[in-house]
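What the coordinates show
Here is what each chain is made of, one letter per residue.
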Amino acid sequence: MDFKIAVLAGDGIGPEISVQGVDVMTAVCEKFGHKVTYKYALCGAHAIDEVGDPFPEETYQICKNADAVLFSAVGDPKFDNDPTAKVRPEQGLLAMRKKLGLFANIRPVQTFKCLVHKSPLKAELVDGADFLCIRELTGGMYFGEKYQDNDKAYDTNMYTRPEIERILKVGFEYAMKRRKHLTVVDKANVLASSRLWRQIAQEMAPKYPEVTTDYMFVDNAAMKMIQEPKFFDVMVTENTFGDILTDEGSVISGSMGLLPSASTGESTPVFEPIHGSWPQAKGLNIANPLAQILSVAMLFEYFDCKEEGALIRRAVDASLDANVRTPEIQVEGGAKYGTKEVGAWIVDYIKKA
């Protein structure tokens, strides 16, 4: 199989972890006889500095013409600390999602046996937790009508039936592939938009009789994720709720540096780690590359290259078991490994497998 990959390294630690993802993808393609070509493009603060746009037209065209996008991170403190900035790196993310029609964000939340002790929750709560958060990406308040002056501001949380139906369909289909349990998260006791979500979910549920469908208010879901994370199999929700809940779910594993994600929809899919750009660590060779590397596993799995994805997952598990880990997850007294060293160890494992 031939792969045309757009690589968007972005800001902060993005370029450092991006290299590791590309190296792993190259090693897997060589092993399985795939041809892969890469095109690199600007995004985020780097793109603003270079051309004044966080998602330039050239970057969009490169992404649109690729089979997949391997994305890393955007964000820079000089924009975070300037509330008057009209152009921000994160606007590049929103533009990418909108232009590529990426309406579904898929975030797996899973724990690793050897890292259960790193979770802020008790081991008996998180050991074996394994669920998907599916977040609607292109609707709701993030894209609705906005207004702000010195005395008043509002964001409009609007959804249409087609937008809701297509993301719920993704949720039901993932549930069918897993443990056949879907939780629809809303705030239907307060919000009209949520009541429409729940109405449409109830209309669609009979089409998937094998799936147990339940409904949960977002505040209750947030508590349930902490109290009983193993309750969930697949969770689907709207944009704003999903943004919050997926970050909450990410800490269950013990490190945001462990979890990948995929954004899919009408055009080129995007695969990326869930963490941010961590500008304070830029150039220090301490960033955990595993989420970026596992994003490559998700990329292969998306194209039904299951053996390739499984090999990457085995390599990651082996690196953790061998204590080849970056500082934030290393065991006490363990050897020191940086971003580059962890990536190189995994590439070597893949080549020898």
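Keep in mind that what you see is a predicted model, and the values were worked out from it rather than measured. (Residues numbered from 1 in each chain as written. Predicted model: local features only at pLDDT ≥ 70, side-chain atom pairs only at ≥ 80, totals over all residues. Heavy atoms only, no water.)

A few points about the sheet that holds strand β5 (residues 130–136)
Spatially, 10 strands are ordered β2-β1-β3-β12-β11-β4-β5-β10-β8-β9 in an open sheet, and the strand pairing comes out mixed. Two strands in the sheet have a free side with no partner beyond their single neighbour: β2 (35–40) and β9 (212–217). Across the sheet, the mean angle separating the axes of adjacent strands is 25° when strand polarity is ignored. Bridge count between strand β4 (residues 104–110) and β5: seven bridges; the pairing is antiparallel. The partner of valine 109 across the bridge, within β5, is phenylalanine 131. Across the sheet, helix α5 (residues 89–100) is in contact with β1 (2–10), β3 (68–73), β5 and β12 (270–273); its angle to β12 comes to roughly 155°. (Pairing = 2+ DSSP bridges. Helix = DSSP H or I, 4+ residues; strand = E, 2+ residues; numbered from the N terminus. Axes fitted to C-alpha atoms, helices over the stretch in contact; angles between N-to-C directions. Contact = heavy atoms within 4.5 Å.)

Some thoughts on unusual backbone geometry
Unusually for a residue other than glycine, aspartate 304 sits at a positive phi of about 65°. Within the secondary structure, aspartate 304 is located in the loop between α11 (290–302) and α12 (306–321). Residues other than glycine seldom take positive phi values, yet asparagine 323 does so here, at roughly 60°. Secondary-structure assignment places asparagine 323 in the loop between α12 and α13 (339–352).

With respect to the packing of α12 against α13
Interaxial distance between α12 and α13 falls to 9 Å at its minimum, and their mutual angle equals 125°. Taken together, the axes of α12 and α13 are oblique relative to one another. Here α12 and α13 pass one another in a crossing that is right-handed. Between α12, through Leu311, Ile312, Arg314, Ala315, Val316, Ala318 and Ser319, and α13, the contact on the second element is made entirely by Trp345, Ile346, Tyr349 and Ile350. In the contact of α12 with α13, the residues fall into nine nonpolar, one polar and one charged. (Parallel < 35°, antiparallel > 145°, perpendicular 65-115°, else oblique. Left-handed = near helix turned anticlockwise from the far one by under 90°. Nonpolar A, V, L, I, M, F, W, Y, C, P; charged D, E, K, R; others polar.)

Structural notes on the pairing of strand β11 (residues 260–264)
Burial runs high along β11: five of the five residues are buried. Residue alternation in β11 divides its side chains into two sets, Pro260, Ala262 and Thr264 and Ser261 and Ser263, and both sets are buried. Where β4 meets β11, three bridges bridge the pair, whose relative direction is antiparallel. Of the residues in β11, the one forming a bridge with isoleucine 106 is alanine 262. As paired strands, β11 and β12 are joined by four bridges and run antiparallel to one another. When the bridges of β12 are listed, serine 263 appears paired with valine 270. Here β11 folds back onto β12, and the loop between the two strands holds five residues. (Buried < 20%, exposed > 50% of the residue type's maximum accessible area, 1.4 Å probe, protein only.)

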